[in-house]
Amino acid sequence: MNTPNSSSSHRSREASQAAYRAAQFETSAASLTQLPLDEGLEVAFAGRSNAGKSSAINKITSQKSLARTSKTPGRTQLINFFRLDDQRRLVDLPGYGYAKVSEDIKLRWQQTMEQYLVNRQSLQGLILLMDVRHPLKEVDQQLLSWCQHVGMPVHVLLTKADKLKRGQAQNTLLKVRQVLKESFPAGQATVQLFSALKGTGLEEIFRVLDQWLYSEAKQG
Ligand code: GDP
């Protein structure tokens, strides 16, 4: 249940960093009918609001404000696409878990996420972000179960690892790893600690992204 090994992960940290630094905003979709063409390869990032998703995307791409944070509950929820090159994209899925939004909005969010995860051919894997202090909330479990259902690989980022003492963070890591092992016996779910503030875990996430987007089998 560790970060998967891959033939692609031999490139240096600098090479990976350069590839993700190239990310540029491409387009936003307000609904599934507005998604860019379903071709090439993409990796999506999902997480409850405030999980640290924007900070993680900005850290991974070495950009200060590629992914923007919005503190407005219930604002129009957009799916944002960031282009790495002609064939590869990172996708910022709408945050979820605002207590204040209506049942209608929640239901719409659920339907959108499920449809996207189930039908998107170019989607190679989901990065699921959870605050290390509050892992595996109900909505996280919901996303995990859709991924499990359709065989979508998942990599969990336990974010803000700097907020806990090392031992506490390790305990959470082991606990979440055990839960994933039970739900994904074939091992297509992995987990790591991450801190956008300190840069902890950056190489590990690069390896996962490299495997999903740049492994030899996926070139061209
Ligand atoms: P999003 O809503 O999931 O996009 O979350 P943001 O990236 O906007 O982060 C939510 C809050 O957590 C902000 O106040 C961030 O500064 C803070 N945050 C994000 N990542 C980290 C981290 O690695 N360490 C610490 N200490 N705070 C973080």
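Residues numbered from 1 in each chain as written. Predicted model: local features only at pLDDT ≥ 70, side-chain atom pairs only at ≥ 80, totals over all residues. Heavy atoms only, no water.

Enquirer: Hey, could you run me through helix H6 (residues 202-214) in this one?
Expert: Two residues of an α-helix separated by three or four positions point the same way, owing to the 3.6 residues in each turn. Given a rise of 1.5 Å per residue, 13 residues ought to cover 18 Å, and the 17 Å separating the end C-alpha atoms of H6 matches this to within 8%. With 10 of 13 residues buried, H6 lies mostly within the body of the structure. Inspection of H6 places Leu202, Ile205, Phe206, Val208, Leu209, Asp210, Gln211, Trp212, Leu213 and Tyr214 among the buried residues, and these make up the whole buried set. (Helix = DSSP H or I, 4+ residues; strand = E, 2+ residues; numbered from the N terminus. Expected span 1.5 Å × (residues − 1). Buried < 20%, exposed > 50% of the residue type's maximum accessible area, 1.4 Å probe, protein only.)

Enquirer: Sorry, what's going on with the pairing of strand E6 (residues 154-159) here?
Expert: Side-chain direction in a regular strand flips from residue to residue, so the side chains alternate between the two faces of the sheet. When you tally the buried positions in E6, you get six out of six residues, the bulk of the element. What you see with E6 is no split at all: Val154, Val156 and Leu158 on one side and His155, Leu157 and Thr159 on the other are buried throughout. Bridge count for strand E5 (residues 123-131) against E6 is six bridges, and the pairing is parallel. If you follow Ile127 over to E6, its bridge partner there is His155. With helix H4 (residues 138-150) bridging E5 and the parallel E6, this β-α-β connection has right-handed handedness. For the crossover that starts at E6, traverses helix H5 (residues 166-183) and ends in the parallel strand E7 (residues 189-193), the hand is right-handed. (Pairing = 2+ DSSP bridges. Right-handed = clockwise from strand over helix to strand, strands pointing away.)

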